[in-house]
Amino acid sequence: MKRIVIAVLMCLSLVATASAADVKLGYVDLQKALTTSVAGQSAKAKMDSEIKAIEDDVKKRESDLRALQESLQKQAALLSADARQEKELDFKQQVKDHQRFVKDKQEEMRGKEMSYTQQILRDLGAQVVELSKKESITMMFEKSQLVYAVDAIDYTDALIKAYDAVYKDSHK
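Bear in mind the structure is a predicted one, so any value in this text is a computation, not a measurement.

What counts and what doesn't
- Residues numbered from 1 in each chain as written.
- Predicted model: local features only at pLDDT ≥ 70, side-chain atom pairs only at ≥ 80, totals over all residues.
- Heavy atoms only, no water.
- Helix = DSSP H or I, 4+ residues; strand = E, 2+ residues; numbered from the N terminus.
- Expected span 1.5 Å × (residues − 1).
- Buried < 20%, exposed > 50% of the residue type's maximum accessible area, 1.4 Å probe, protein only.
- Contact = heavy atoms within 4.5 Å.
- Core = buried A, V, L, I, M, F, W, Y, C linked by side-chain atoms within 4.5 Å.
- Arc of directions from axis to C-beta.
- 1 Å grid on protein atoms, 1.4 Å probe; cavity = no way out; pocket = protein on both sides within 12 Å on 5 of 7 lines; lining within 4 Å.
- Points joined across faces, edges and corners; volume = space filled by probe spheres on them.
- Nonpolar A, V, L, I, M, F, W, Y, C, P; charged D, E, K, R; others polar.

**Thoughts on helix H4 (residues 81-134)**
Under the 1.5 Å per step criterion, the end-to-end length of H4 is 79 Å for 54 residues, consistent within 8% with the ideal 80 Å. Among all positions of H4, only Phe91, His98, Phe101, Met109, Ile120, Leu124, Gln127, Val128, Leu131 and Ser132 are buried. Where the residues of H4 are buried, they touch strand S1 (25-28), helix H2 (30-36), helix H3 (38-75), strand S2 (139-142) and helix H5 (156-170). Ser136 sits one or two residues past H4 and shows a positive phi near 55°.

Have a look at this one:
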């Protein structure tokens, strides 16, 4: 009986060894692909441009608020109590409107950044599948989830190259 169990275990270990030889592993650094791909750089440039325009608008609004505040301070002694109070309320409302504007624009930019990022990651995911099929990779991992891996199974550069080619073709 012992001999049969040992023989079965040996056969199973040989089968496991044979199938393990067919396994090909790889990994990609999606963060690197996101930031260095043409699509990632294009999205960053769009975001930077929009943020610059918003910052310019915010600076202008803040400058206008400072000028209004200075004007209010200069006129405070000349105005009646009711007129001064009305102007102060108007100023406070403009400050609140400005704060709301800034908050809304920050949320809008976060949403756009998330949208760009999600789209690029979806596209990269599709490219990972294509690359894995092309290279006969059994399992592809994300670098941030690995404790250790040799550079020989890093397919990040190949992923970026493939994704850039597809992105450039679709954005001609």
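Back to the text.
**Quick notes on the nonpolar core**
Residues Ile120, Leu124, Leu159 and Tyr163 are the most contacted members of the largest nonpolar core, which totals 15 residues. Secondary-structure elements contributing two or more residues to this core are H2, H3, H4 and H5. With near-sequence residues (within four places) excluded, Leu159 lies in contact with Val28, Leu30, Ala33, Leu124, Gln127, Val128 and Leu131. The next biggest cluster of nonpolar side chains, apart from the first, holds five residues, and it includes Met47, Ile54, Phe101 and Met109.

**Some details on H5**
For H5, spanning 15 residues, the distance from its first C-alpha to its last is 21 Å, which sits close to the expected 21 Å at 1.5 Å a residue. Looking at H5, one finds that the buried residues are Thr156, Leu159, Ile160, Tyr163, Asp164 and Tyr167. Summarising the axial view, the buried residues of H5 lie within an arc of 130°, below the 170-degree limit, and thus occupy one face. Facing away from the buried side of H5 by more than 90 degrees, the exposed set consists of Lys161 and Asp169. Buried residues along H5 sit in contact with S1, H2, H3 and H4.

**Some details on the layout of surface pockets**
By volume, the largest pocket amounts to about 250 Å³. Lining the largest pocket, in full, are Leu34, Thr35, Gly40, Ala43, Lys44, Met47, Asp48, Glu113, Tyr116, Thr117 and Ile120. Of all the secondary-structure elements, those providing two or more residues to the lining of the largest pocket are H2, H3 and H4. Looking at the lining of the largest pocket element by element, the count peaks at five residues for H3. Residue composition of the lining of the largest pocket, by class: five nonpolar, three polar and three charged.

By themselves, these observations are geometric and do not establish any function.
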